[in-house]
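# Results of the structural survey
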Amino acid sequence: MQKSKAEPDGAPNADGGAVRVIKKYPNRRLYDTDSSSYITLAEVKTLVMSNERFVVRDAKTNDDLTRSILLQIILEEETAGVPIFTEQVLANIIRFYGHAMQDFMGSYLEKNVQIFMDLQHQMTEQTQGLNPDVWKQFTNAQSPMMQGMMGTYMEQSRTAFTQMQEQMQKNSEQMLAAMGLKR
């Protein structure tokens, strides 16, 4: 597949190439400017799964619609199979919207998901070529290797939480100082 020239608002990606631009038309169709063809939401999901950088733009207004398309993919995944989010988790996430902690929660979740993705990548690298019986032993929570990996994950998660607490403390102190109040 040949790469097209980046649109003026497309930022270069990590390999120096242009970010792939997908245009969304009023008829809800998605047009991939790289392949010069219409694509489906499933094909956009494939781009996500292959770590392809892209942006979805409204064909008329040029507004960035990437988040709404990603949310649409999540919605389809959540309703089609085994959901990741329980009703309680979704309700708790909703409660953070408009709350003073919203920015911190978003940052905390982002860091934790990245830490988990790194753990998954590490596990995949270390388990390539294992037969099903060895894989079962590896994923057993009692195995020393799994305990070590989960311990690392928990420590990184704890660090992310501590950083969030420190940032909240710093922001509170700055706000109180701006009001002429000291803590």
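Our structure is the block above this text.
Figured I'd write up the structure that's included with this text. Bear in mind the structure is a predicted one, so any value in this text is a computation, not a measurement. (Residues numbered from 1 in each chain as written. Predicted model: local features only at pLDDT ≥ 70, side-chain atom pairs only at ≥ 80, totals over all residues. Heavy atoms only, no water.)

So, on to the packing of aromatic side chains. Given two aromatic rings, one states the distance between the centres and the angle between the planes to describe the pair. Scanning the model with the defined rule gives 3 aromatic pairs in all. Their ring planes at 80° and their centres at 6.4 Å tell us that Tyr 25 and Tyr 31 sit as a pair that is edge-to-face. For Tyr 25, a relative accessible area of 29% gives the class partly exposed. Residue class for Tyr 31 comes out partly exposed when judged on its relative accessible area of 23%. Taking the centre distance of 6.4 Å and the plane angle of 65° together, the rings of Tyr 25 and Tyr 38 count as edge-to-face. Of the two residues, Tyr 25 is situated in the loop between strand E1 (20-24) and strand E2 (30-32) and Tyr 38 in strand E3 (residues 37-39); the sequence distance between them amounts to 13 residues. Exposure remark for Tyr 38: the relative accessible area of 40% places this residue in the partly exposed category. By way of ring pairs, the aromatic residues Tyr 25, Tyr 31 and Tyr 38 are connected into one cluster. Here Arg 29 stacks its cationic end above the ring of Tyr 38, 3.8 Å away from the centre of that ring. (Phe/Tyr/Trp six-rings, centres within 6.5 Å; stacked < 30°, edge-to-face > 60°. Buried < 20%, exposed > 50% of the residue type's maximum accessible area, 1.4 Å probe, protein only. Helix = DSSP H or I, 4+ residues; strand = E, 2+ residues; numbered from the N terminus. Lys NZ or Arg CZ within 6 Å of the ring centre and 35° of its normal.)

With that settled, the discussion passes to helix H1 (residues 41-49). Among the residues of H1, those classed as buried are Leu 41, Val 44 and Leu 47. Each buried residue of H1 lies within a common arc of 105° when the element is viewed along its axis, so the set occupies one face. Of the residues in H1, the exposed ones pointing more than 90 degrees away from the buried face are Ala 42 and Met 49. Residues of H1 that are buried make contact with E1, E2, E3, strand E4 (54-58) and helix H2 (66-80). A positive phi of about 60° marks Asn 51, the residue just after H1. (Arc of directions from axis to C-beta. Contact = heavy atoms within 4.5 Å.)

Any functional reading would require information beyond the geometric quantities listed.
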